[in-house]
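Now for the letters of each chain:
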Amino acid sequence: MVALYWQREGAGMTDLVLLHGWGLNAQVWQNISVRLAPHFRLHRVDLPGYGRSQGFGALSLCEMADIVLAQAPERAIWLGWSLGGLVTSQIALNAPQRVEKLITVASSPCFCAQGDWPGIRPDVLQGFQQQLSEDFQRTVERFLALQTLGTESARQDARQLKSVVLEQPMPSVEVLNGGLAILREADLRQPMAALSVPFLRIYGALDGLVPRKVAGLLDQRWPNSSSVVIPKAAHAPFISHPEAFAAQVFDFCRS
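Residues numbered from 1 in each chain as written. Predicted model: local features only at pLDDT ≥ 70, side-chain atom pairs only at ≥ 80, totals over all residues. Heavy atoms only, no water.

Section: the packing of aromatic side chains
- Using the criterion set out here, one finds eight aromatic pairs in the structure.
- Ring geometry for Trp29 and Trp81: centres 6.5 Å apart, planes at 75°, overall edge-to-face. Taken together, the residues span a long stretch of sequence, with Trp29 in the loop between β2 (15-19) and α1 (30-36) and Trp81 in strand β4 (residues 76-81) at a distance of 52 residues.
- Their ring planes at 80° and their centres at 4.9 Å tell us that Trp81 and Phe238 sit as a pair that is edge-to-face. With a gap of 157 residues between them, Trp81 in strand β4 and Phe238 in helix α9 (residues 237-240) connect regions that are remote in the sequence. (Phe/Tyr/Trp six-rings, centres within 6.5 Å; stacked < 30°, edge-to-face > 60°. Helix = DSSP H or I, 4+ residues; strand = E, 2+ residues; numbered from the N terminus.)

Quick look at the nonpolar core
- Residues Trp22, Trp78, Trp81, Ile103 and Phe238 are the most contacted members of the largest nonpolar core, which totals 89 residues.
- Discounting residues that sit within four places of it in the chain, Phe238 has contacts with Val28, Trp29, Ile32, Trp81, Val105 and Phe245. (Core = buried A, V, L, I, M, F, W, Y, C linked by side-chain atoms within 4.5 Å. Buried < 20%, exposed > 50% of the residue type's maximum accessible area, 1.4 Å probe, protein only. Contact = heavy atoms within 4.5 Å.)

Thoughts on the side chain of Thr139
- Note on placement: Thr139 falls in helix α5 (residues 136-148).
- In terms of polar contacts, Thr139 uses its side chain to reach the backbone carbonyl oxygen of Gln131, at 3.1 Å.
- Setting aside residues no more than four positions away along its own chain, Thr139 makes contact with Phe128, Gln131 and Leu132. (Polar contact = N/O pair within 3.5 Å; in protein donor to acceptor, adjacent residues only side chain to side chain.)

A short note on the environment of Pro231
- With respect to the secondary-structure elements, Pro231 resides in the loop between β7 (225-230) and α9.
- Given the relative accessible area of 56%, Pro231 is considered exposed.
- Along the backbone, Pro231 and His241 are ten residues apart, and their C-alpha atoms lie at a distance of 9.1 Å.

Points about the sheet that holds β7
- In space, the seven strands of this open sheet follow the order β1-β3-β2-β4-β5-β6-β7, with mixed pairing throughout. Edge positions in the open sheet fall to β1 (6-9) and β7, since each of these has one partner strand only. Adjacent strand axes in the sheet meet at a mean angle of 20°, parallel and antiparallel pairs treated alike.
- Inspection of the sheet shows strand β6 (residues 199-204) paired to β7 by six bridges, in the parallel sense. Across the sheet, Ile202 pairs through a bridge with Val228, a residue of β7. (Pairing = 2+ DSSP bridges. Axes fitted to C-alpha atoms, helices over the stretch in contact; angles between N-to-C directions.)

A word on empty space enclosed by the protein
- Counted by the stated rule, this structure contains five cavities of 30 Å³ or more.
- Considered as a void within the structure, the largest cavity measures approximately 70 Å³ in volume.
- What lines the largest cavity is Gly85, Ser89, Thr104, Ser107, Ser108, Pro109, Met192, Phe199, Arg201, Tyr203, Leu218 and Trp222.
- Elements represented by at least two residues in the lining of the largest cavity include exactly α3 (83-94) and β6.
- Per element, the largest residue contribution to the lining of the largest cavity is three residues, and it comes from β6.
- Looking at side-chain class alone, the lining of the largest cavity contains six nonpolar, five polar and one charged residues. (1 Å grid on protein atoms, 1.4 Å probe; cavity = no way out; pocket = protein on both sides within 12 Å on 5 of 7 lines; lining within 4 Å. Points joined across faces, edges and corners; volume = space filled by probe spheres on them. Nonpolar A, V, L, I, M, F, W, Y, C, P; charged D, E, K, R; others polar.)

Right, here's the structure in full:
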């Protein structure tokens, strides 16, 4: 059986599992981990096929959730960013008894725009899939740049994301295409409405991939959850606004 890369650190008594987004790996949490480690037992995971978790092909959302859950603590707080937010949400649906609390960051139950639902245009996601086979590295870099667009520290944040990708083994085109397929096809809006696990959603006000309008729509659809929009942040608020981000995580986990 192929194993996931799973890094454990921290001095706290509560398990907190961190799942990254598309194209990246667990190193993306490096800076925020310094703030979280004194308070939690952190678990930084490279999703299947990403970073140091090599040997996996393209997976469905349910397959990815099952693989991650198999190596997880018996009960934990789960925090997922972007694609990782979909994975943590699927885990909460499949095994709510294993989820003490759920936090999603710059994530959406349905990333693809459809009807009056805001999100990424389907042709944009399809374009990324086509471009991956033509210019692999350039396509990943373009996607990373979109995640920091509009913030005061956009260039610095984009460089940090790029360094995270280049420091570790790159995912294959097959794995990246599989991740884009999840972003294009997944729709958890209805299943998540019945979730009873304590649930916080964190957004960036300037996010171009998950528009802030999603926060208000889900406040209505999911009254059992709560949302926070961090001003002047885009798709990676834990990088551009680490103090504000950590404060929201602490407040929710202690409540």
